[in-house]
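# Examining the three-dimensional arrangement
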Amino acid sequence: MKIRIGLVVALIYFGSSASVRAAFEITPAVQSELDKMKNMVSDWAMGAVVVKAVKDQNNKGPIPDMDNAKWKTIRRTDDVVKEFQSNPAGQYLKGKVASSNGAFTEAFLSAARGEKVAFMEKTTSYIHRGQPKFDVPYGSSKAWQGSPEFDESAQTYQIQISVPVLDGRKAIGALVVGVNLTHVAGSFRSQWRRQ
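What counts, and at which threshold
- Residues numbered from 1 in each chain as written.
- Predicted model: local features only at pLDDT ≥ 70, side-chain atom pairs only at ≥ 80, totals over all residues.
- Heavy atoms only, no water.
- 1 Å grid on protein atoms, 1.4 Å probe; cavity = no way out; pocket = protein on both sides within 12 Å on 5 of 7 lines; lining within 4 Å.
- Points joined across faces, edges and corners; volume = space filled by probe spheres on them.
- Helix = DSSP H or I, 4+ residues; strand = E, 2+ residues; numbered from the N terminus.
- Nonpolar A, V, L, I, M, F, W, Y, C, P; charged D, E, K, R; others polar.
- Core = buried A, V, L, I, M, F, W, Y, C linked by side-chain atoms within 4.5 Å.
- Buried < 20%, exposed > 50% of the residue type's maximum accessible area, 1.4 Å probe, protein only.
- Contact = heavy atoms within 4.5 Å.
- Expected span 1.5 Å × (residues − 1).
- Arc of directions from axis to C-beta.
- Axes fitted to C-alpha atoms, helices over the stretch in contact; angles between N-to-C directions.

Turning our eyes to something else, we now look at the layout of surface pockets. Of the volumes computed, that of the largest pocket is approximately 310 Å³. As for the largest pocket, its lining consists of 16 residues, and the residues nearest its centre are Gln57, Lys60, Glu83, Asn87 and Val117. For the lining of the largest pocket, the element with the highest residue contribution is helix α4 (residues 48-60), accounting for six residues. Looking at the lining of the largest pocket residue by residue, the classes come out as eight nonpolar, three polar and five charged.

So this is what it looks like as structure tokens:
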């Protein structure tokens, strides 16, 4: 396992995303760490501010005439983007990621139609419906885990995980976070140094 994790760190700094995807093996130890992170993010998704924000957005629906193509033309400094960052749920997510000591690179919240509710930084897409990161937690009320990749919006190598936002037992939205691969690899290097 030491060799694989070391290889991942080297690829993170020097390799392509395809190389990382091919070389990064989700070992039982790595998966155990990711499962702990899923549980932590599930707790975030139960926060009153998150549930309220998703319920409110579900009552409003997506921004009229906004699609992913139009979203890409909106600047990060636009008031529409700033509102997603500055609303209570956006501030909540920002605080959670900031307190993670680098474990998480991004967080965004989607409502029932896959449209954004809140985020730390502008996401690549406005609507994530039709993508597993939204469809799995929203459709099955179960967590989803992606593959290692370079994330354009977060500008880092990561694995995205997502969990449902629940109202009782019913999924009403999804919370997606990026797990920093460098952090995961670093935590294993720290463990080896102590042994």
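Here the narrative resumes.
A few words on the nonpolar core. Formed by 32 residues in total, the largest nonpolar core has its most connected members in Met37, Val41, Phe104, Leu109, Val165 and Leu175. Top element by residues in this core is helix α3 (residues 28-45). It accounts for six residues. Among all residues touching Phe104, those that are not within four sequence positions of it are Met37, Met40, Val41, Trp44, Val97, Val177, Gly178 and Val179. One finds Met66, Trp71, Phe108 and Ile127 within the second-largest nonpolar core, a separate group that totals ten residues.

Time to look at α4. Residue pairs spaced three or four apart in an α-helix point in one direction, given the helix's 3.6 residues per turn. Across its 13 residues, α4 extends 18 Å between first and last C-alpha, which sits within 8% of the 18 Å expected from 1.5 Å per residue. Three or more residues of α4 are buried, namely Val50, Val51, Ala53, Val54, Gln57 and Asn58. Down the axis, α4 shows its buried residues gathered within 165 degrees of arc, on one side only. Facing away from the buried side of α4, by more than 90 degrees, are the exposed residues Ala48, Lys52, Asn59 and Lys60. Buried residues belonging to α4 abut α3, α7 (88-98), β1 (104-110), β2 (116-119), β5 (156-167) and β6 (170-180).

All right, on to the packing of helix α6 (residues 79-86) against α7 then. Contact geometry for α6 and α7: axes closest at 4 Å, N-to-C directions at 65 degrees. Side by side, α6 and α7 meet where Phe84, Gln85 and Ser86 of the first sit next to Pro88, Gly90 and Gln91 of the second. For the contact of α6 with α7, a count of residues per class yields two nonpolar, four polar and no charged.

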